[in-house]
Structure formats: C-alpha cells, structure tokens
Amino acid sequence: MSRTLKLAVIPGDGIGPEVIAEAVKVLDIVVPSTDLVIEKTPFHLGVERFLETGDVLSEDDLAAISRHDAILLGAVGGKPGDPRIPAGIIERGLLLKLRFSLDHYVNLRPTTIFPGVVSPLAHPGTVDFVVVREGTEGPYVGNGGALRQGTPHEIANELSVNTAFGVERVVRYAFELAAKRERKKLTLVHKTNVLVNAGSLWSRIVDAVANEYPQVSVDYLHIDAATIFFVTDPARFDVIVTDNLFGDILTDLAAAISGGIGLAASGNINPTNAFPSMFEPVHGSAPDIAGQQKADPTAAILSVALLLEHFGYAEAAARVNDAVAADLSERGTTVRRTSDIGDAIVARLA
Ligand SMILES: NC(=O)c1ccc[n+]([C@@H]2O[C@H](COP(=O)([O-])OP(=O)(O)OC[C@H]3O[C@@H](n4cnc5c(N)ncnc54)[C@H](O)[C@@H]3O)[C@@H](O)[C@H]2O)c1
Ligand SMILES: CC(C)[C@H](C(=O)O)[C@@H](O)C(=O)O
Ligand SMILES: [Mg+2]
C-alpha cells in the first residue's frame, strides 16, 4: 500500500528555482525507499507573476495550495529597492499570507554545525539547538499605519499583537519538543524589560506551562543578551522559544554562526495538520547571486528532510541529513555550482 502526498511546489524568485530544482531531485531519489508517492503541483508565484498580472496570490491560488498536504517553497521577493515592486508586496502578499492563512504558528528553525563546516566563531563548541519562532503574531500581523506621511511630523506605527491563545500554543509546542530532546532545556527569548505587556504575557505563559514539564529546565534571556550568547556560547542553547520578529533575526544569526545562510532549513508548521505545513530555506531570493548557479541548495535540501520528518519518515529524513553531512565534510573550501552540489548529494542517496 502506498501513501500519496500532494506537494505544492513554489520555486519563487531569484535563487528559489535554482535551489528547489536540487531539493526536488533529492526528494525524488529518496522517496522510492518509502511507501510515499509524491504528486507535485508547481505554482508560478512571485515577482514575475506580479509584474505580469499585478496579482500576488489570488484566493483561487490559496484555495488550490490549501488542498495539498504540504508546500515546498524556494524564496520570494525582489531586489530590495526595485522601484517596480512596492515594498513588502511579495513578502506580505505571498509568504506571510501563506503562513497566516495556513496557520503556521510554529516556525521551526534547527541549527547545528555539521562536521567539517567552518564556523566563523573561534570556539563554537557543540551547537545543536532549535528556534521555535512564533509564526502568526507579533509585529508581523500588519496592524500598522502612517499619519502625515512624507511630512516632518510623520508617525509610523506597527502594532505587535500577542494573544494568550497564540503564545500558549507555540510555548506548548516548544515544551513538548524540549521534553523529547536529550538536554530538555528551554530558553525564552524576549525583551521583557522594555516590551512589558507582551513580555509579561510570554513570561507568565512560559511559567505556567513549565509546571506541566518539571523535567524541562527553563531559563530566560533578553534578546540583546541572547545575541551575545549566540556568538560567545551557542552550545548553551537547546530549544529557544521566541516571538516572530526576534525569531527572524536570531535565526539569520544562527545560520551565520553555523556555516552560513545556505545551510539553514525551516518548517512553517501547522501542528494540527488542519492546513498544509510549508518547508523552505531560511534564506531569501538572493538577487545578488541569482541565475548564476552560485547558490548553495543545502538549506532547501535540508528542508526536504524536515518535510519527511514531519510526515513520520524519520529514516528517510536521516538519510538526507547523512548525505548532506557527508557532502559537507568533503566539501572543504571548494566552490561548486548549485546543481553540482545537488548532484553530489543525490549520488550519495542513489
Ligand atoms: N523566505 C523567503 O522567501 C525570504 C527570506 C528572506 C528574504 N526574502 C526576500 O529575498 C530578497 C533578498 O533579501 P536579502 O538580501 O535580505 O536576504 P537573502 O537571504 O536573499 O540574501 C542575504 C545574503 O545571503 C546570500 N545567500 C542567501 N541564500 C544563499 C544561498 N543559498 N547560498 C549562498 N548565498 C546565499 C545572498 O547572496 C546575500 O548575500 C528580499 O526580497 C527579501 O524580502 C525572502
Ligand atoms: C521575507 C520575510 C517576510 C521572512 C520573515 O521575516 O519571516 C524572512 O526573512 C524569513 O526569515 O523567512
Ligand atoms: Mg528572515
């Protein structure tokens, strides 16, 4: 008996299509070792589509994507400052619209330093942590406005929305994850000394849920101090739970300390499975290197491993991770084309 998984594939912009081509090759080579049959549907979305049609993501597109079991996305967005693309129209209208509409309240971003990968840190220690970034609230909700725009008296607001329901569900997910991991440690990262209302809500919920997980040790860091420890002692972290914006910034830093943004994978998870979860590299469309086969597809390939894990295919996911690890440990400082990296990883899985 086989199990059919309907996968919406959104290659997107810039390096998105280049890295997704390699991720799909890896998926295609690993899936026959499972009982899965993957039915892929490509969706042509992103800057090009916007420039051609003025449309970013129609209700029909959204409905069609929602009928899939999962989404694999490359990256979306144009060159920052491109006058043809209003700021945020692709990011908000496509990427965040998917995350919000499909209730991706857990943005899961694991970090490890693979053997042989050179960290810019002199003494990184053993780095193996997961950032559980809240995905549907915070300053990302788009609840803002501007008054007297363009005048010296302009006022620009972006409201950060934090609901007890939204915070509790992501905190519970983070505790559940911490309880399953070896070190069983959870760090709340926030800015409770300044953002006192949101900070108080997050702290109280973490304290309350902690009572149900006596086996998990809990600590707290302000976001600014957390960035210090990411650089001076990243080995201290196990599971980090934080809000949408802090999590965005921390996870680019996590990528940088662990070998680069080309290696950082993520899952936008709807743990209830009411909606398809979405797997994507943490990086963006990298207009500076797009179309040149210079992008590292490893993050997209590791996102495929997260997808397989999400559906319970831990062994297939481990095979992909192992093939990536082997490739990275042999890679050294050799510069390879995007498709050569994909092919080398595929060859290890064949
Ligand atoms: N999830 C997403 O779709 C996503 C994420 C971040 C940024 N963006 C969008 O992407 C566009 C560019 O944003 P940015 O420049 O701030 O961030 P970026 O992540 O695209 O690029 C930052 C730097 O990292 C490099 N880089 C990124 N991915 C790489 C890879 N796989 N291999 C090698 N180098 C890589 C780029 O060349 C660039 O120098 C913007 O429109 C932004 O909004 C989209
Ligand atoms: C492009 C942008 C909306 C997105 C975010 O801020 O979440 C990106 O930076 C990411 O980390 O996935
Ligand atoms: Mg980001």
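In the block above lies the structure referred to throughout.
Small disclaimer: the values here were computed from a predicted structure and weren't measured.

Conventions adopted
Residues numbered from 1 in each chain as written. Chains lettered and ligands numbered in written order. Predicted model: local features only at pLDDT ≥ 70, side-chain atom pairs only at ≥ 80, totals over all residues. Near = placed C-beta within 6 Å. Nonpolar A, V, L, I, M, F, W, Y, C, P; charged D, E, K, R; others polar. Pairing = 2+ DSSP bridges. Helix = DSSP H or I, 4+ residues; strand = E, 2+ residues; numbered from the N terminus. Axes fitted to C-alpha atoms, helices over the stretch in contact; angles between N-to-C directions. Contact = placed C-beta atoms within 7 Å. Parallel < 35°, antiparallel > 145°, perpendicular 65-115°, else oblique. Left-handed = near helix turned anticlockwise from the far one by under 90°. Core = buried A, V, L, I, M, F, W, Y, C linked by C-beta atoms within 7 Å. Buried ≥ 20, exposed ≤ 12 C-beta atoms within 10 Å, placed from the backbone. Domains from an automatic or database assignment. Right-handed = clockwise from strand over helix to strand, strands pointing away.

### Things to note about the site of ligand 1
In the region of ligand 1, 22 residues are neighbours, and G77, G262, H283, G284 and A286 sit closest. Looking at the shell around ligand 1 residue by residue, the class counts come to 12 nonpolar, 6 polar and 4 charged.

### Some thoughts on the site of ligand 2
All residues in the neighbourhood of ligand 2 are listed as G77, E91, L95, L96, D248, V282 and G284. The residue inventory of the shell around ligand 2, partitioned by class, reads 3 nonpolar, 2 polar and 2 charged.

### Quick word on the sheet that holds strand 9 (residues 217-222)
Within the open sheet, the 10 strands sit side by side as 2-1-3-12-11-4-5-10-8-9. Their pairing is mixed. The sheet is open, and its two edges are formed by strand 2 (36-42) and strand 9, each paired on a single side. Shown here is a sheet whose adjacent strand axes are inclined to one another by a mean of 25°, direction ignored. Taken strand by strand, helix 6 (residues 196-210) contacts strand 8 (185-190) and strand 9, and its axis lies near 170° from that of strand 8. With respect to the sheet, helix 8 (residues 244-257) is in contact with strand 4 (106-112), strand 5 (128-134), strand 8 and strand 10 (239-242), its orientation differing from that of strand 5 by roughly 150°.

### Looking at the packing of helix 9 (residues 298-310) against helix 10 (residues 314-331)
Contact geometry for helix 9 and helix 10: axes closest at 7 Å, N-to-C directions at 160°. By the criterion of interaxial angle, the relationship of helix 9 to helix 10 is roughly antiparallel. Note on packing geometry: the crossing formed by helix 9 with helix 10 is left-handed. Across the interface between the two elements, T298, I301, L302, V304, A305, L308 and E309 of helix 9 pack against A314, A316, A317, V320, N321 and V324 of helix 10. Of the residues assigned to the contact of helix 9 with helix 10, the class counts are 10 nonpolar, 2 polar and 1 charged.

### Here's the deal with the nonpolar core
Core analysis: the biggest nonpolar cluster contains 92 residues, and A23, V132, V304 and V320 have the highest contact counts within it. Here this core gets 9 residues from one element, more than from any other, and that element is helix 9. There are two domains that each give this core at least three residues, and those are domain 1 (1-107 + 264-350) and domain 2 (119-134 + 160-258). With residues up to four places along the chain from it excluded, the contact list for V320 reads V26, V30, I301, V304, A305 and L308.

### Examining the pairing of strand 12 (residues 277-281)
With 5 of its 5 residues buried, strand 12 lies for the most part within the structure. The two faces of strand 12 match: S277, F279 and P281 on one face and M278 and E280 on the other face are all buried. Summarising the sheet, strand 3 (residues 70-75) and strand 12 pair through 3 bridges and their orientation is parallel. Across the sheet, L72 pairs through a bridge with F279, a residue of strand 12. Examined bridge by bridge, strand 11 (residues 265-269) and strand 12 share 4 bridges and lie antiparallel to one another. Opposite N268, over in strand 12, you have M278 as the bridge partner.

### Here's the deal with the pairing of strand 9
When strand 8 meets strand 9, the two strands line up parallel, connected through 6 bridges. Bridge pairing in strand 9 places K185 opposite S217. Regarding the hand of the β-α-β motif, the stretch spanning strand 8, helix 6 and strand 9 is right-handed.

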